[in-house]
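# Residue-level structure breakdown
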Amino acid sequence: MFEIMDKKTLAPGIVLMKVKATLIAKKAMPGQFIMLRVSELGERIPLTIADYDRHEGSVSIIFQEVGYTTKDLGSLDIGDHIKDFAGPLGRASELDGQSRVLCVGGGVGIAPLYPQIKYLSEQGTYVDVVIGARSKDYLILQKEIENLASNIYIATDDGSLGHKGFVTDIVKELIDKGNQYDSVIAVGPLPMMKAVCQITKEYKIPTTVSMNPIMVDGTGMCGGCRVTVGGKVYYACVDGPEFDGHLVDFDEAIRRQQMYKKEEQIEHGCKLY
Ligand code: NAD
Ligand code: FES
């Protein structure tokens with residue numbers, strides 16, 4: 001059993017939980033994820049590690065309460081326990097040896113991007129960060145990122161904060177202005193990562209994306225998380241979750257993400273999103 005040490009609502013329906021998980025905290029690296037089960041009869045869900053503190057023995061997760069399990073998880077409070085919390089899983093991000101990186105985060109995808117920004121900043125890498133959300137109320141981790149990034153740029157769909165439009169408008173503008181980046185890291189909704197890759201491919205800037213397909217076991221056994229990258233099949237849980245964005249078949253990933261939406265709605269009465 002894993003104790004919830006802290007809980008905060010970051011935005012409507014978006015929750016941060018700090019969980020006591022000493023062994024995971026000891027080994028966790030940016031880009032990795034955990035699989036959790038709220039209770040004995042619950043389903044297993046993957047969540048990217050949003051932060052870790054080796055000294056405190058804590059691992060933070062950030063999730064959106066969209067379905068049965070995330071709502072169940074969100075109903076727990078400080079001092080409550082999560083039944084299973086397994087990890088760190090997946091391959092860590094490859095972040096060393098770069099001098100200028102552009103990080104792009106959309107919506108809840110800003111959460112898994114945060115440990116990468118932190119790691120790069122601690123290594124002395126110049127990091128420009130572009131983050132975006134539907135409106136300012138849904139923008140998470142702005143202050144934390146401001147403390148780490150060389151420059152931060154904000155986009156909101158409704159113009160309530162920063163640029164009115166998508167993160168991709170800013171990405172294009174930064175590159176067009178002559179900013180040179182060794183690589184780009186994009187994490188967020190699939191259409192956003194696809195759009196970022198369309199821009200960076202044109203400018204030949206290596207781009208990493210983080211895939212979060214449906215996962216069942218998280219250890220390479222079920223095949224549920226398969227993604228096609230460069231014409232080959234990979235399993236996001238063991239081969240990823242990060243891949244070369246210029247080679248990912250985003251259209252297939254988008255189709256696969258939609259596959260069980262109807263069943264999820266019937267089973268749990270949860271909203272399609
Ligand atoms: P959202 O739909 O509100 O989009 C967030 C931002 O992404 C937008 O404000 C915009 O700037 C950008 N964006 C969206 N669609 C775009 C497009 N077509 N072109 C260019 N930019 C676009 O995001 P949300 O509702 O918070 O959803 C977050 C998504 O992130 C979910 O789909 C979730 O699956 C995904 N996610 C991914 C990971 C990961 O590790 N890859 C982790 C957590 C969440
Ligand atoms: Fe089962 Fe990846 S989640 S193979």
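Data block above holds the structure.
Right, let's get into the side chain of arginine 37. Relative to the elements of secondary structure, arginine 37 occurs in strand S3 (residues 33-37). Arginine 37 sits in the buried class, given a relative accessible area of 16%. A polar atom in the side chain of arginine 37 sits 2.8 Å from the backbone oxygen of glutamate 40. At 2.7 Å, the side chain of arginine 37 and the side chain of aspartate 84 are in polar contact. The contacts of arginine 37, once residues within four sequence positions are left out, are Gly42, Glu43, Arg44, Ile82, Lys83 and Asp84.

Glancing now at the sheet that holds strand S7 (residues 84-89). Strands sit in the order S6-S1-S2-S5-S4-S3-S7 across an open sheet of seven strands; the sheet is antiparallel. Because the sheet does not close on itself, it has two edges, and the strands there are strand S6 (81-82) and S7. Here S3 runs beside strand S4 (residues 45-53); their pairing, made up of four bridges, is antiparallel. Looking across to S4, one finds that isoleucine 34 is bridged to leucine 47. Packing of helix H3 (residues 110-122) onto the sheet brings it into contact with S4 and strand S5 (58-64), and relative to S4 it is tilted by some 30°.

In this structure, the second largest pocket encloses a volume near 410 Å³. If you trace the second largest pocket, you find 23 residues lining it, with Lys8, Leu10, Leu16, Leu141 and Glu144 closest to the centre. Counting residues per element, the ones that place at least two in the lining of the second largest pocket are strand S1 (2-11), strand S2 (14-20), S4, S5 and helix H4 (142-146). Considered class by class, the residues forming the lining of the second largest pocket number 10 nonpolar, three polar and 10 charged.

So, about the environment of valine 184. Inspection of the secondary structure assignment puts valine 184 in strand S12 (residues 183-187). C-alpha separation for the pair valine 184 and aspartate 128, spaced 56 residues apart in sequence, amounts to 9.6 Å. Leave out the neighbours within four places in its chain, and valine 184 touches Leu102, Val104, Val196, Thr200, Ile205, Pro206, Thr207 and Thr208.

Note that side chains of opposite charge can pair when their charged atoms are close. One pass over the full model with this rule turns up 12 salt bridges. Measuring nitrogen to oxygen at the nearest pair gives 2.9 Å for the salt bridge that ties lysine 118 to aspartate 51. Pair noted here: lysine 118 is in helix H3 and aspartate 51 is in strand S4, with a separation of 67 residues, a long-range link. In this structure, arginine 226 engages glutamate 252 in a salt bridge whose closest nitrogen and oxygen atoms are separated by 3.6 Å. Taken together, the positions of arginine 226 in strand S14 (residues 226-229) and glutamate 252 in helix H8 (residues 250-258) put the pair 26 residues apart, joining distant regions of the chain. On the basis of relative accessibility, which here comes to 31%, the residue arginine 226 falls in the partly exposed class. Look at glutamate 252 and you get buried, because its relative accessible area is 15%. What emerges from the salt-bridge pattern is a single network uniting Arg37, Glu40, Lys83 and Asp84.

Rules behind the numbers
Residues numbered from 1 in each chain as written. Chains lettered and ligands numbered in written order. Predicted model: local features only at pLDDT ≥ 70, side-chain atom pairs only at ≥ 80, totals over all residues. Heavy atoms only, no water. Helix = DSSP H or I, 4+ residues; strand = E, 2+ residues; numbered from the N terminus. Buried < 20%, exposed > 50% of the residue type's maximum accessible area, 1.4 Å probe, protein only. Polar contact = N/O pair within 3.5 Å; in protein donor to acceptor, adjacent residues only side chain to side chain. Contact = heavy atoms within 4.5 Å. Pairing = 2+ DSSP bridges. Axes fitted to C-alpha atoms, helices over the stretch in contact; angles between N-to-C directions. 1 Å grid on protein atoms, 1.4 Å probe; cavity = no way out; pocket = protein on both sides within 12 Å on 5 of 7 lines; lining within 4 Å. Points joined across faces, edges and corners; volume = space filled by probe spheres on them. Nonpolar A, V, L, I, M, F, W, Y, C, P; charged D, E, K, R; others polar. Salt bridge = Lys/Arg side-chain N within 4 Å of Asp/Glu carboxyl O.

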